[in-house]
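Chain and residue survey
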Amino acid sequence: MVIAQDTTMNEMAIIQEEWGMEKKEVIGAYMEMDESKAAAFWPVYDSYAIERKKLGKERFAIIEDYANAYENINDEQATDLTNRMFKNNIAIEKLQLKYYKKMSKVVS
């Protein structure tokens with residue numbers, strides 16, 4: 001079980017890293033920032049990406065817990081998983097708002 005979880009977490013890290021890199025390239029291509037704006041923007045974006053990845057890992061853990069409990073899930077477990085997902089969704093929205101404000105200050 002530990003080996004399977006470790007493998008799953010490693011695969012998830014690789015997927016997130018690759019997706020993050022591709023996303024960063026797309027953002028850079030479409031935002032068309034001059035060097036001074038880019039120099040101010042990318043550190044803020046990188047901080048956002050680090051925090052977003054943490055929340056993404058939490059979301060993945062919730063989904064994995066659901067998948068593991070699926071065949072025998074009881075009402076208490078279902079409620080717990082649902083509440084965890086709501087909290088994760090709220091945390092993601094708060095993170096987006098926080099960084100929207102930060103990014104708005106460095107780029108128009």
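One numbering rule holds for all chains: residues counted from 1, following each sequence as written. Only residues with pLDDT of at least 70 are given local features in this predicted model, and only at 80 or more are side-chain atom pairs given and counted; all residues enter the totals for whole chains, interfaces and linings. Only hydrogens and water are removed before side-chain values are computed, so all heavy atoms of the structure are retained for them.

Remarks on the overall build of the protein chain
Note the cut-off: In this text, helices come from DSSP runs of H or I with a minimum length of four residues, and strands from runs of E with a minimum of two, each type numbered from the N-terminal end. Surface exposure here means Shrake-Rupley accessible area, sampled with a 1.4 Å probe, where a residue is shielded only by the protein chains that are shown.
When helices and strands are counted, the protein chain shows 3 helices and 0 strands. Listing each helix as α and each strand as β along the protein chain from the N terminus yields α-α-α. As presented, the protein chain carries roughly 8,200 Å² of accessible surface, and 58% of it is formed by carbon and sulfur atoms.

Considering the packing of aromatic side chains
Put simply, the rule reads: We call Phe, Tyr and Trp rings a pair once their centres come within 6.5 Å, taking the six-membered ring for Trp, and we label the pair stacked below 30 degrees between planes, edge-to-face above 60, and tilted otherwise.
With the rule as written, the count across this model stands at 6 aromatic pairs. Linked through ring pairs, Phe41, Trp42, Tyr45, Tyr48 and Tyr99 together constitute an aromatic cluster.

Details of the confidence of the model for the protein chain
Here is the rule: Confidence scores labelled pLDDT are given residue by residue by the predictor and lie between 0 and 100. Residue contacts follow a heavy-atom distance rule, with two residues in contact if any of their heavy atoms lie within 4.5 Å.
Within the protein chain, residue pLDDT values average 86, and 83% of them lie at 70 or more. The element-level mean pLDDT for the protein chain is lowest in helix H1 (residues 2–31), coming to 65, with helix H3 (residues 75–106) highest at 96. Taken together, the stretch residues 1–5 has pLDDT below 50 and engages in 1 contact with residues farther than four places along the chain or on a different chain.

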